[in-house]
Every structure is written in C-alpha cells, then in structure tokens.
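# Topology and contacts: notes
These are the residues of each chain, in order.
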Amino acid sequence: MTLRTRFTELVGVEHPVVQTGMGWVSGAHLTAATANAGGLGILASATMTYPELEAAILKTKERTDNPFGVNLRADAEDAQQRVDLLIREGVKVASFALAPKPDMIAKLKDAGLVVIPSVGAARHAEKVASWGADAVIVQGGEGGGHTGGVATTLLLPSVLDAVDIPVVAAGGFFDGRGLAAALAYGASGVAMGTRFLLTRDSRVPESVKAEYLQRGLGDTVVTTKVDGMPHRVLRTALVDALERSHGVATLAHAALNTVRFQALTGMSWKGLVGEGLAMKKSGERSWSQLMMSANTPMLLRAGLVEGNTDAGVLASGQVAGIIDDLPTVADLIARIVVDAESRLDELARLRA
C-alpha cells in the first residue's frame, strides 16, 4: 500500500486518511487506533476541559508513537493555554473548525506543528492559506454536523483551484472508491467522521451505533433548530420536535443548556460572554443563534455519550445511509487503501 501524497508527506502518516475531531466521539482510544492504523487521528478538544484535554493527549501518546492531531477552538477562552499544551507535548497537528488568526498559526508553525483549518468555501481556503496554514480540510454539504449547502463534488474543485497547499476532502466519503475519486480530483486525502464513529474502536454506545446502521440515505436532515446554524443530524422524534418549535420555548431550552454547558466545562461566564460577543462582532451569528449555541454540545452529549436518543441529537453525514458494518479502525483503513489502489490501477489501464 503506497499511496503517498503531499498530505502524507506533510504530516508524516502512512495513509491519506483522516479521522475528524468529533465532539464527544474522538477521544484517546479512537484517535490512537487511527494513528496506529497509519491514518491521522484527531482528538476533539472543544467538548473537553483543559485537564481532560491534557489527560487525553497523554493517553493517546501512551497508546501510539505515530503522529496525531488535536482540534481546537481558536476563539476559546483558554485557546492560548491549549496551544501551549500542544507545543509542550509535541502534538503533530493542530486543526481548527474556525480559522485561527495569523499570530496563532505562526506560533504553532514556529514550534513545528502542522496547522490544518477546516473550510467550507474557496474564499476561506484562500484566507487561511495567505495566513500560513499548511493544509485545509474542505467539507461539502453531505458531511455531518455543521455543514454548508454545496456538495463536495463542486466545493472540492473550487478550493483546489483557489489554493496550492494540500487539500483534504470531507463530506460523503466512506470507502476506497471515494478516496480514489478525491485523489483524481487533485485532493491529497480524505477526512471522515461518521465512518469512524461507526467502528468497533468508537466508544459511542452500541445502541446508538445500531440507530445509525438502520438508517437510509434519506434519514438525515439539515436543521437550524439545534443551535441556529445549519447542522446535519439523524432524523429523530426529538429533531422533528425541534423543527416544529419556535419562539420563546426554543430560546428557553437553549438558555437552560447554556447553564448546563457552563457547569460541565467549567468555563467562566465572562469567557462565555466574550466568545459570544466575538462571534456577534464577526457577523457569524444573530443574538438568537448565540443563545442557542450551547444546545449543540449538550444535545450531542445526551445522544453520543449517554445513549439517550430521545433526549439527544446524533450528528451524521449522509453516508450513514450506506454504511452497514462496524469494522475495526485498522481493518477499515486497510480496506479503504487497498480498494483505492485497485481503482487507481483500473483507471491507469484505461490509458494502456
């Protein structure tokens, strides 16, 4: 298996396959399993306190000697402290859902880390590339969680045309055919969330995995009723109820979840307000959306950690409707790479 790309050379991994940083899902066990299988595993730190992140990094390092990454929130109250932690512990990759500013990128790069923001538009890729980002992950509308409305098949080439740094494709990938297709477009690899969630190494409750496996391609929905932003999730009775809700009841539920989120993370109220004001200033969210923002971590936790699908939300890419098994991460990555190589060999024979 010899799929070497600009991304594998940049990060130092064996295979051009990334396990994304999914809140409440991407812990030390899954991340280390991915790293040991030759892919890039990414810890999700947004739902961790600082001590929890510190412990997760140490646990991951105990379980693998291979490179791995940590996903950070650049606007978090303790973002600089977390950056210092990554540098001190020798983490290889810092990934971001919201783009970090140039000074943070420079600090990470000066310390030898690879900086990989996630983007949803070509103009965002151009911006972070100009700021010094080493690569980008671009997610099309098929992806789970917060997502845009442009399909990967159109978004990916637009980003590839806009930047000359390695581009990793996300949204709709689950097998070797997808990896071969992404490489044919010019991407340097693929990133997957739902496919890694549905593995034996994922610590998501088995009852929740079963819920995913029984769904079809039409059983996800993009809703703004979770936290005010477009969010792809499995369609459930709770999601249907949220879709019907409006006005004061929705905001009251969000306010309660804000209190719960603050208590769970230990984040100061000053920090929460500061993050909200920063998002409002950037024009990313309205006041009502800001009030709803704490819904996401708490509703996801109820579903993905506690296994309560009646009270929780299950973020999911559309690929859940075509996945029907729970392999180990090692088996998954091996078969993806072998299948991709086979597909690429078949394409090469067309020219012969």
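Note that the structure is a prediction, hence the values are computed from the model and not measured.

Another point: the overall build of the protein chain. Helix and strand counts for the protein chain come out as 16 helices and 11 strands. For the protein chain, the computed accessible surface area is about 15000 Å², with 54% contributed by carbon and sulfur atoms.

The subject of this paragraph is the nonpolar core. The tendency in soluble globular proteins is for nonpolar side chains to be buried side by side. If you look at the biggest cluster of nonpolar residues, it comprises 58 residues, and the most contacted ones within it are Tyr212, Leu304 and Val313. Ranked by the residues each element gives to this core, the list is headed by helix H16 (residues 329–351), at 6 residues. Among residues more than four places away in sequence, those in contact with Tyr212 are Thr194, Leu197, Leu198, Leu234, Leu304, Leu314, Ala315, Ser316 and Ala320. Judged by nonpolar contacts, the second largest core, of 22 residues, contains Ala94, Met104, Ile105 and Leu113.

Despite not being glycine, Trp24 has its phi angle at roughly 70°, a positive value. With respect to the secondary-structure elements, Trp24 resides in the loop between strand E1 (17–19) and helix H2 (28–36).

What follows covers the side chain of Ser202. Turning to its location among the elements, Ser202 is positioned in the loop between helix H9 (194–197) and helix H10 (206–213). What makes Ser202 buried here is its relative accessible area of 2%. Excluding its chain neighbours within four sequence positions, the residues that come into contact with Ser202 are Val25, Leu30, Phe196, Leu197 and Lys209.

Structurally, Glu89 is set in helix H4 (residues 79–89). With a relative accessible area of 17%, Glu89 lands in the buried category. Along the primary structure Glu89 and Lys61 are separated by 28 residues, whereas in three dimensions their C-alpha atoms are 9.0 Å apart. Apart from residues lying up to four places away in sequence, Glu89 is in contact with Ile57, Leu58 and Lys61.

Direction vectors running N to C along H4 and helix H5 (residues 102–110) enclose 15°, while the axes themselves pass 10 Å from each other. With respect to H5, the element H4 is oriented roughly parallel. In this structure, the crossing between H4 and H5 has a hand that is right-handed. For the pair H4 and H5, contact is made by Ala79, Gln80, Val83, Asp84 and Ile87 and by Met104, Lys107 and Leu108, respectively. For the contact of H4 with H5, the residue count by class is 5 nonpolar, 1 polar and 2 charged.

Buried within helix H7 (residues 152–162) are the following residues: Thr152, Leu155, Leu156, Val159 and Leu160. For H7, the arc enclosing every buried residue in end-on projection is 130°, short of the 170-degree limit, so these residues lie on one face. In H7, those exposed residues whose orientation departs by more than 90 degrees from the buried face are Leu154 and Asp161. In this structure, the buried side of H7 is in contact with helix H6 (122–130), strand E6 (136–139), strand E8 (167–170) and helix H8 (176–185).

Pairing is parallel around the closed barrel formed by 8 strands, whose spatial order is E1-E2-E3-E4-E5-E6-E8-E9. Mean inter-strand twist for the sheet, computed between neighbouring axes without regard to direction, equals 25°. Looking at chain direction, E1 and strand E9 (residues 189–192) are connected through 3 bridges and run parallel. Counterpart to Val17 in the pairing with E9 is Val190.

About the cut-offs
- Residues numbered from 1 in each chain as written.
- Predicted model: local features only at pLDDT ≥ 70, side-chain atom pairs only at ≥ 80, totals over all residues.
- Heavy atoms only, no water.
- Helix = DSSP H or I, 4+ residues; strand = E, 2+ residues; numbered from the N terminus.
- Areas by Shrake-Rupley, 256 points an atom, 1.4 Å probe, with all protein chains shown as cover.
- Core = buried A, V, L, I, M, F, W, Y, C linked by side-chain atoms within 4.5 Å.
- Buried < 20%, exposed > 50% of the residue type's maximum accessible area, 1.4 Å probe, protein only.
- Contact = heavy atoms within 4.5 Å.
- Axes fitted to C-alpha atoms, helices over the stretch in contact; angles between N-to-C directions.
- Parallel < 35°, antiparallel > 145°, perpendicular 65-115°, else oblique.
- Left-handed = near helix turned anticlockwise from the far one by under 90°.
- Nonpolar A, V, L, I, M, F, W, Y, C, P; charged D, E, K, R; others polar.
- Arc of directions from axis to C-beta.
- Pairing = 2+ DSSP bridges.

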